[in-house]
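# Examining the three-dimensional arrangement
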Amino acid sequence: MKSILVPYDFSEEAEYAFELAQELATKAACKLKLIHIIEIPTSQNFNTMGEVSMGENFIDKIYMVDVVNKRKEQFKKLEETHSGKAYKFSTNLSFGNPYAGISGEITEIGASLVIMGSKGSSGLEEILIGSNTEKVVRHSACPVITVKGPVSSTSIKKIVFASDFSENSKKVIKKLKTLQDLLGAEIRLVKINTPNSFEKSIDSMEKISAFIQSNNLENVGIDVFNADSEEEGINEFADFIEADLIAMSTHGRTGFLHLLGGSIAEDVVNSSKKPVWTMKFKK
């Protein structure tokens, strides 16, 4: 793990994400970067230095200047506070579309992990507007962890990886193993059986066992869990075994893998009270 990116909107949820990121960055001795994106109305013009071109809507522009100056000062203080830490800390204040800004930053720094704060089904604050979070979860080139409350890295000792354990799943397990090794956690591999996607337990167990062998996994458990739907099954199983983190894989626009069809990514991210790790596999 070389770098962690945190989209930061100064909300309580973003602070939870930042705190977890600090712990992981310390463990990995990697880079940690905060990005704050100010989404400005099209009627307002900012130059590359973030300065406002005055004209119409003068009062609105004065307000935006105040916001920009406040954010710059807050980031300056954060940089001073985090100077000399075990990780290299930096910030970026930019303007425009939140999703585009986050995606661009992921590519720019070659992020290994994105950690985002979320309010869940009740909606997301400022930069973490629902559609933007969903887009990041679906299309990010690196794993994404969404959190809703305080999460300590030392408390993440049991990870649920829900999958169909196909070839596509192998493309993301390597990244999850990196997090597992960093945390010293156990991974519980689970196949969720539903009325519309049922598989004999013996077949599921054999498939998961083969998956473990082919990926040289250690410190893992095998489970098959029955539920009315994939989303319910994932959340119920995670609660049943008192898991600390839920992990899934996604393939972007076309939805989740066979087990995780439709919009399960957004559903689980929104509905689960636990932190959720997601990653898009590369075709």
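A brief structural summary. Just so you know, these numbers come straight off a predicted model, no measurement behind them. For every chain, the first residue of the written sequence is number 1, and numbering continues from 1 along that sequence. pLDDT decides what is reported in this predicted model: residues at 70 or higher carry local features, side-chain atom pairs at 80 or more are listed and counted, and totals for whole chains, interfaces and linings draw on all residues regardless. Where side-chain values are given, they derive from all heavy atoms of the structure, hydrogens and water being excluded.

Two rings from Phe, Tyr or Trp (for Trp, the six-membered ring) form a pair when their centres are within 6.5 Å of each other. A pair whose planes differ by under 30 degrees is stacked, one over 60 is edge-to-face, and the rest are tilted. This model, assessed by the stated rule, comprises eight aromatic pairs. Measuring from centroid to centroid gives 6.5 Å for phenylalanine 161 and phenylalanine 211, while their planes differ by 25°, and the two rings are stacked. Pair noted here: phenylalanine 161 is in strand S6 (residues 158-162) and phenylalanine 211 is in helix H6 (residues 201-214), with a separation of 50 residues, a long-range link. When sorted by exposure, phenylalanine 161 lands in the same class as phenylalanine 211, which is buried. Connected via pairs of aromatic rings, a cluster forms that spans Tyr8, Phe10, Phe18, Phe75 and Phe89. Think of it this way: any DSSP run of H or I at least four residues long counts as a helix, any run of E at least two long counts as a strand, and we number them from the N terminus. Here's how the labels work: a residue is buried when its accessible area is under 20% of the maximum for its type, exposed when over 50%, partly exposed in between, all with a 1.4 Å probe on protein chains only.

Let us now look at the sheet that holds strand S8 (residues 220-226). Paired strands, in this sense, are two strands between which DSSP finds at least two bridges. Pairing in this open sheet of 10 strands is mixed, and the strands run S3-S2-S1-S4-S5-S10-S9-S6-S7-S8 from one edge to the other. Edge positions in the sheet fall to strand S3 (88-95) and S8, since each has one partner strand and no second. Each adjacent strand pair in this sheet contributes to an overall mean axis angle of 25°, direction not counted. Where strand S1 (residues 3-7) lies against strand S2 (residues 31-38), five bridges are found, and the strand directions are parallel. Bridge assignment links valine 6 to a residue of S2, and that residue is leucine 34. Between N-to-C directions, angles cover 0 to 180 degrees, with each direction set by a line fitted to C-alpha atoms, over the stretch in contact for helices.

By convention in these notes, a salt bridge is any Lys or Arg side-chain nitrogen within 4 Å of a carboxyl oxygen on Asp or Glu. Taken as a whole, this structure holds four salt bridges when the rule is applied. Residue aspartate 223 pairs with arginine 188 through a salt bridge whose shortest N-O separation is 2.8 Å. Placement of aspartate 223 in strand S8 and of arginine 188 in strand S7 (residues 186-193) is noted, with a sequence separation of 35 residues between them. By the burial criterion, aspartate 223 is buried, and arginine 188 matches it. Aspartate 239 is paired through a salt bridge with lysine 274; the nearest N and O atoms lie 3.7 Å apart. Here aspartate 239, found in helix H7 (residues 230-240), pairs with lysine 274, found in the loop between helix H8 (264-271) and strand S10 (276-280); they are 35 residues apart in sequence, far enough to count as distant.

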